[in-house]
Amino acid sequence: MSGYKGVFEQMIIVENLYFTYPNGVEALSGVNLRIEDGEFVAIMGQNGAGKTTLVKHMNGLLKPTRGRVLVDGIDTRRVSVARLARKVGLVFQNPDHQLFSETVEEEISFALRNFGYDEKTIKERVGWALNMLNLERYRKISPFMLSGGERKRVALASVLAWDPKIIILDEPTIGQDYMQKEKLRQFILQLNQQGKTIIVVTHDVEFVAECNPRIILMKQGKIIASGKAEEVLTNEDLVKEASIALPEIAKLFKCLEEYGFPRNVIDVYEAADIIYKRLRDQK
Amino acid sequence: MSVFDGFKFRSISSPIHQLDPRAKFIYVCVLFTVAVMFNNIIPLLILFLIQLPIVFMAKVQREWMRSMKGSAVFAIMIFAVNLLSLYFYAGHETFTSILERSLAMTIRFIVLVQSFSIFFLTTSPDTLGLALEQSGIPYELCFAFTTAVRFVPVLAEEAQTIIDAQKARGLEIESGNFLRRIRNYIPILIPLIVNAIRRSLELAETMESRAWGACKNRTNLYVLKIKTNDLLLILFSLLLLTVSIYVSINVYIPSLTSLLI
Amino acid sequence: MTVIEAERLTYTYPAGEKPAFRDVNLKIEEGEFVIITGPSGCGKTTLCRCFNGLIPHFYGGKLEGEIRVCGLNVKEHPTYEIAQRVGMVFQNPENQLFALSVEKDVAFGLENLGVPREEIRKRIDWALKITGTYNLKNRPPYELSGGQQQRVAIASVLAMNPDVMVLDEPTSFLDPAGAEKIFEVIERLNREMSMTIILVEHRLDLVSRYADRIIVMHDGRIVMNGDPREVLASEKTRLIGVGIPKATMLYKLLKHRGINLNRPPLYSEEACQVIKEFLSR
């Protein structure tokens, strides 16, 4: 297998992708994108920029009108969603669009049963996922009894349970408070360190600034920029074009530029370091 | 475009769209009655033809065609069933008269579909609700009606998202035998229902917050007034009804074949 | 004048085992801009539901203590009466518009109140203009973006001309561009029309600059209540898990290392200002 490594290092390859919805709206117009194995990517842009449409191509929910999408070497047009889903776990924005079981345990086993795992494996995986997301005590409770944040964690656990190589999270921070976001961030980073390829679809710039992934900016069905977070998110023209906002720290450093501060800072701790050194000298 | 588009309101401006729903309703009722009154082909054919100019005036030809195509299957079934039953049970009739009667029944069905299609294509649910309200139906019911119509596209979209979310978890809706397939819909129906309930609670909260039920004589932003065109349509409908009653009692209607031969 | 006054207010939902909030004492003055924040489940949404009488009239449950809104005892007056004084905007834009046109939605409250038709028309236009949605007047609500829907929802509350506007996380479903427009509208209502604003919000980076006061709730109690700078710079607020603005956080990090800026800033432009002041000392 190692001989093919050169090919398979690219986990996702999107080539000249066009997609038009049945109602005639062209949602993607010529997207080219490569995501490497184990990479952490954030796809950003305004609502309606085509972010969700793009990721729905990655697990085969949508098939290209033109162009192609390769996931771990497989052309998405050739296989069913159910087969691709084993590699690609897509966590939807609203957990209420998927929860239906009587207990949290059954909710998490749903996908595992669909994929045909045996009972012993299902038991193991469910236990692992419950533990991973700190849901152990809700095992026998109805998911509908849980709070919004907990329901979101159950939805995430129900996808992680089958251990997909690629995990896509659609707007994971919507409706979450600061602590929940912080826990989510640490969890995502942990998954990424375990070698998972992570794709986050979001317009939450502060969250992204804290995660520091590669940024893909989208606008009207096209990718307009791709690069390191501290490069892309500090570029005012790009950020404006994609109708998202500069992170607070980037705004600060833009304003401090005339005093000779660097421009590409988005992290508050790094910012504190830089400013501290400068102000200490002043003192 | 699906068959339903042949009955779904299309927001354009035309003299037919501007008619009062009540006038249109009277027209549809009259048409309905008259169509049931006759089982000869000629009057039914006339009824069918009368409505064509209305379709064109309302600029809904394409949608109307859609409803016609959609009902074609049923029309053929009606024709076949009539033909067979008349053939086997009404022994003393000639084949041409059997054929003609079956055809008449089919046209009757088409006329009914056509009149419904025109009514719903050209009447916005909003004005329909208003017409119901002004006809003395309790406001709560009218409100429930318009709100239900309003949320149809939202629910359809939500159902699609739920299907996608479950497919992403390996659900294959189209797999398995009949019972299995029905079971496959449970993971879709439950979230849909739960969300609908949650949504209705939120809607109720919003309505309460906007002074729902504050006074008995609630105003309505819009009022329907019967205009000249509406009167003309009502007059025409009544005329049609009178003539039809007269004809059905006093005039012998020849069969189409006897005229042609 | 005090518009909202709560004393030892405690509330338990009908199915609740313990109170959603307890012993809340609160006064909000006319024209104030107040932010209520705190972790999910802290009781802030529940508290807001008392401000227009949804609690106890719609939800039932047990409401103890006193609450008066614009001089009306909430327990004794029905929601429709209080709703005319206190407008309420909710989180999800999708479920706040139920008519087939924007115009009809904005008219809904006034229709319920039996306001004459001509007056309704005037107020619709007025409310739509203030919220920048006049061009959407005849559109069906389900075709609008979330941000547009939320502004129409504000307009439909505004049309009833309330004294107080309560907004419960109005931007959490919106993208940054949509959210910014909402905050602009809210700020305008407060500044130009002196409307009392109560805003429940997590994104303090974007809104704390507008607030006269920030209230932090935790576990069903009000734990902080005061000047935004003091509240956000305090260690207590951080430990509860409130997402304090980056600018304020920076101030605290620097202070920790012995650098004292003039005042805790609430947003980046202000942070820039105080750093410049420090540099030109």
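Above: the structure in question.
Here the residue numbers are simple positions, counted from 1 along each chain's written sequence. As they are written, the chains are lettered A onward and the ligands numbered 1 onward, keeping that order. Local features in a predicted model are, by the rule used here, given only for residues with pLDDT of at least 70; side-chain atom pairs are given and counted only at 80 or more, and totals for whole chains, interfaces and linings are based on all residues. With hydrogens and water excluded, all non-hydrogen atoms of the structure serve as input to the side-chain values.

Caption draft 1: Fine view of the overall build of chain C. Counting from the N terminus, the helices are the DSSP runs of H or I reaching at least four residues and the strands are the DSSP runs of E reaching at least two. Along its length, chain C carries 12 helices and 10 strands. Throughout, radius of gyration means the C-alpha value; the globule benchmark is 2.2 Å times the number of residues raised to the power 0.38. In summary, chain C has a C-alpha radius of gyration of 20 Å against a globular reference of 19 Å for 281 residues, a match within 12%. For the C-alpha atoms alone, the extent of chain C along its principal axes is close to 65 × 45 × 35 Å. Burial classification: accessible surface area is computed with a 1.4 Å probe over protein chains only, and a residue below 20% of its type maximum counts as buried, one above 50% as exposed, and the rest as partly exposed. The buried share among the 281 residues of chain C stands at 61%.

Caption draft 2: Up close: the interface of chain C and chain B. Residues count as neighbours in contact if any of their non-hydrogen atoms are within 4.5 Å of one another. Taken together, the contact pairs 42 residues of chain C with 33 residues of chain B. A 1.4 Å probe defines the accessible area here, and the buried area is the portion of it lost by two parts on being joined, summed over both. Carbon and sulfur atoms make up 56% of the surface buried where chain C meets chain B, a total of about 3300 Å² over both sides. The term salt bridge refers to a pairing of a side-chain nitrogen on Lys or Arg with a carboxyl oxygen on Asp or Glu at a separation within 4 Å. Here chain C and chain B share three salt bridges between them. Arg49 of chain C serves as the salt-bridge partner of Glu205 of chain B, at 2.8 Å between the closest nitrogen and oxygen.

Caption draft 3: How the structure looks around the side chain of Glu171 of chain A. Residue and element names in this part refer to chain A. Note on placement: Glu171 falls in the loop between strand S7 (166–170) and helix H7 (178–193). The definition of a polar contact used here is a pair of N or O atoms within 3.5 Å, where within protein one atom must be able to donate a hydrogen and the other to accept one, and adjacent residues in sequence count solely through side-chain atom pairs. Within the structure, the side chain of Glu171 is placed 3.3 Å from the side chain of His203, a separation counted as a polar contact. Not counting chain neighbours up to four residues away, the residues in contact with Glu171 comprise Lys51, Gln93, Lys152, Val201, Thr202 and His203.

Caption draft 4: Quick peek at empty space enclosed by the protein. A cavity, in this analysis, means grid points on a 1 Å lattice covering only the protein atoms where a 1.4 Å probe fits yet has no way out; a pocket is instead an open set bounded by protein on both sides within 12 Å along at least five of seven lines, and a residue lines either one if it has an atom within 4 Å of a point. Grid points are joined across faces, edges and corners, and a volume is the space filled by probe spheres set on the points. Inspection of the entire model under this criterion finds two cavities of 30 Å³ or more. A volume near 190 Å³ is recorded for the largest cavity. Asp126, Tyr139, Phe143 and Thr146 of chain B together with Lys104 of chain C are, among the 18 residues lining the largest cavity, the residues nearest its centre. Mapped onto the lining of the largest cavity, the elements with two or more residues apiece are helix H5 (125–134) and helix H6 (139–167) of chain B together with helix H4 (102–112) of chain C.

Caption draft 5: Representation of the nonpolar core in the model. The nonpolar core is taken to be a set of buried Ala, Val, Leu, Ile, Met, Phe, Trp, Tyr and Cys residues, with the residues joined through side-chain atoms within 4.5 Å. In terms of nonpolar packing, the biggest core is built from 75 residues, with Ile275 of chain A together with Met165 of chain C touching the most fellow members. When sequence neighbours within four positions are dropped, the list of residues in contact with Met165 of chain C reads Gly87, Val89, Ile154, Val157, Leu158, Leu189, Met195, Thr196, Ile197 and Ile198 of chain C. Grouped together as the second largest cluster of nonpolar side chains are 35 residues, Leu112, Ile122, Ile167 and Phe187 of chain A included.

Caption draft 6: Local environment of the packing of helix H2 (residues 41–57) of chain B against helix H4 (residues 95–122) of chain B. Residues and elements named next belong to chain B. For every element, the axis is a line fit to its C-alpha atoms; helices are fit only across the contacting stretch, and the angle between N-to-C directions ranges from 0 to 180 degrees. Where H2 meets H4, the closest approach of the two axes is 9 Å, and the angle between their N-to-C directions is 25°. If you check the angle between H2 and H4, you find them roughly parallel. Judged by the twist between their axes, the crossing of H2 over H4 is left-handed. Taking contact as the criterion, the partners of Ile41, Leu44, Leu45, Leu47, Phe48, Gln51, Leu52, Ile54 and Val55 in H2 are, on H4, Glu100, Leu103, Ala104, Ile107, Arg108, Ile110, Val111, Gln114, Ser115 and Ile118. Residue type decides the class: Asp, Glu, Lys and Arg count as charged, Ala, Val, Leu, Ile, Met, Phe, Trp, Tyr, Cys and Pro as nonpolar, and the leftover types, Gly among them, as polar. Of the residues belonging to the contact of H2 with H4, the class tally is 14 nonpolar, three polar and two charged. Here roughly perpendicular refers to angles of 65 to 115 degrees, roughly parallel to angles under 35, roughly antiparallel to angles over 145, and oblique to all remaining angles. Left-handed describes a crossing whose near helix is turned anticlockwise from the far helix through less than a right angle; right-handed describes the clockwise counterpart.

Caption draft 7: Up close: the interface of chain A and chain C. Between chain A and chain C, the residue contacts involve 36 residues of the former and 36 residues of the latter. Buried surface at the junction of chain A and chain C, both sides included, amounts to about 3200 Å², of which 67% is carbon and sulfur. Summed over the three residues of chain A that lose the most area to chain C, namely Glu248, Tyr276 and Leu279 of chain A, the buried surface amounts to 19% of that side. The residue Arg257 of chain C makes a salt bridge to Asp273 of chain A at a minimum N-O spacing of 2.6 Å. Where chain A meets chain C, there are seven residue pairs in polar contact (both at pLDDT 80 or more). For the side of chain A that touches chain C, the element with the most residues is helix H12 (residues 268–282) of chain A, which contributes 11 residues. For the side of chain A that touches chain C, the class distribution of residues is 18 nonpolar, eight polar and 10 charged.

Caption draft 8: Broad picture of the state of the cysteines. A pair of sulfur atoms, both from cysteines and within 2.5 Å, is called a disulfide here. All chains considered together, the criterion is met by one disulfide over all chains. Across a sulfur-sulfur distance of 2.1 Å, Cys255 of chain A and Cys272 of chain C are joined as a disulfide pair. Handedness here is read from the sign of the S-S torsion; for Cys255 of chain A and Cys272 of chain C, about -85°, the answer is left-handed. Residue Cys255 of chain A is found in helix H11 (residues 248–255), and its partner Cys272 of chain C is found in helix H12 (residues 268–279); the two belong to separate chains. Look at Cys255 of chain A and you get partly exposed, because its relative accessible area is 24%. Owing to a relative accessible area of 1%, Cys272 of chain C belongs among the buried residues under this scheme. This cysteine, Cys29 of chain B, is not joined by any disulfide, and Cys142 of chain B carries the nearest cysteine sulfur, 17 Å off. On the accessibility criterion, Cys29 of chain B (32% relative accessible area) is partly exposed. Unpaired in terms of disulfides, Cys48 of chain C finds its nearest cysteine sulfur in Cys50 of chain C, a separation of 8.8 Å. Judged by its relative accessible area of 1%, Cys48 of chain C is buried.

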